[in-house]
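Here is what each chain is made of, one letter per residue.
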Amino acid sequence: MSANQAEVQVRPGVEGDLEALTDLYNHYVRETAITFDTAVFTPQERRPWLLSHPEDGPHRLMVATDGDTQEILGYATSSPYRTKPAYRTSVEVTVYVAPHAGRRGIGTLLYKALFAALAGEDLHRAYAGIALPNEASTRLHERFGFRHLGTHREVGRKFGRYWDVAWYEKEL
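Residues numbered from 1 in each chain as written. Predicted model: local features only at pLDDT ≥ 70, side-chain atom pairs only at ≥ 80, totals over all residues. Heavy atoms only, no water.

(A) Spatial organisation of the pattern of salt bridges. The full count for this structure, using the stated rule, is 8 salt bridges. Taking the shortest distance from any N to any O, the salt bridge between Glu7 and Arg104 comes out at 3.9 Å. Taken together, the residues span a long stretch of sequence, with Glu7 in the loop between α1 (3-6) and β1 (8-12) and Arg104 in the loop between β4 (90-97) and α4 (106-118) at a distance of 97 residues. Accessibility expressed as a relative area gives 37% for Glu7, which makes it partly exposed. (Salt bridge = Lys/Arg side-chain N within 4 Å of Asp/Glu carboxyl O. Helix = DSSP H or I, 4+ residues; strand = E, 2+ residues; numbered from the N terminus. Buried < 20%, exposed > 50% of the residue type's maximum accessible area, 1.4 Å probe, protein only.)

(B) Just the sheet that holds β4, in detail. An order of β1-β2-β3-β4-β5-β7-β6 is seen for the 7 strands of this open sheet, with the pairing classed as mixed. The open sheet has two free edges, formed respectively by β1 and β6 (147-158), since each of these has just one partner strand. Across the sheet, the mean angle from the axis of one strand to that of its neighbour is 25°, orientation sign disregarded. Pairing between β4 and strand β5 (residues 125-131): 3 bridges, direction parallel. The partner of Glu92 across the bridge, within β5, is Tyr127. (Pairing = 2+ DSSP bridges. Axes fitted to C-alpha atoms, helices over the stretch in contact; angles between N-to-C directions.)

(C) Seen up close, the pairing of β6. With 8 bridges connecting them, β6 and strand β7 (residues 161-171) associate as antiparallel partners. The partner of Arg147 across the bridge, within β7, is Glu169. Here β6 folds back onto β7, and the loop between the two strands holds 2 residues, one of which, Phe159, carries a positive phi near 55°.

(D) Focus on the packing of helix α2 (residues 18-31) against helix α3 (residues 43-51). Packing of α2 against α3 brings their axes to within 10 Å, and their N-to-C directions diverge by 100°. Between α2 and α3, the crossing angle belongs to the class labelled roughly perpendicular. Of the residues in α3, those in contact with Leu18, Glu19, Leu21, Thr22 and Tyr25 of α2 are Pro43, Arg46, Arg47, Trp49 and Leu50. (Parallel < 35°, antiparallel > 145°, perpendicular 65-115°, else oblique. Contact = heavy atoms within 4.5 Å.)

Everything listed is a geometric property; what it means functionally is a separate question.
This is the structure:
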């Protein structure tokens, strides 16, 4: 573990994290095509999302914090892949790292904690969609054993252009 990672703690997300998590996500809404949301959220609008990730079960929210300041540096989630009952053993996973906290191994710490938390759950597959280009996310997912399934070409439009999304799968 690097010195930078030693300063980072990972724990389940709680309601008190809502404002900071909303701020972090809104950065990606405003500035990037990493998410296809196009309008920023208020914490109250984002609250149902947070509450849909309890501390147990297949749908989790893990938060990385600075060990000294407790500032939220990133988060990872596992969410329903689709709503129909036969999809219950599949989850969609994602990681968001604060823009100033990149290249510190935070995404790796978050995924380690998330997949450890999911190990005892009745899950069969994890899926991840990566808006392209995003080399850091592609490398992270491949490091965790995800394999590329295919790419949806020009599937989303944001900032006046079309974006591809690569889909990845991991056995759980």
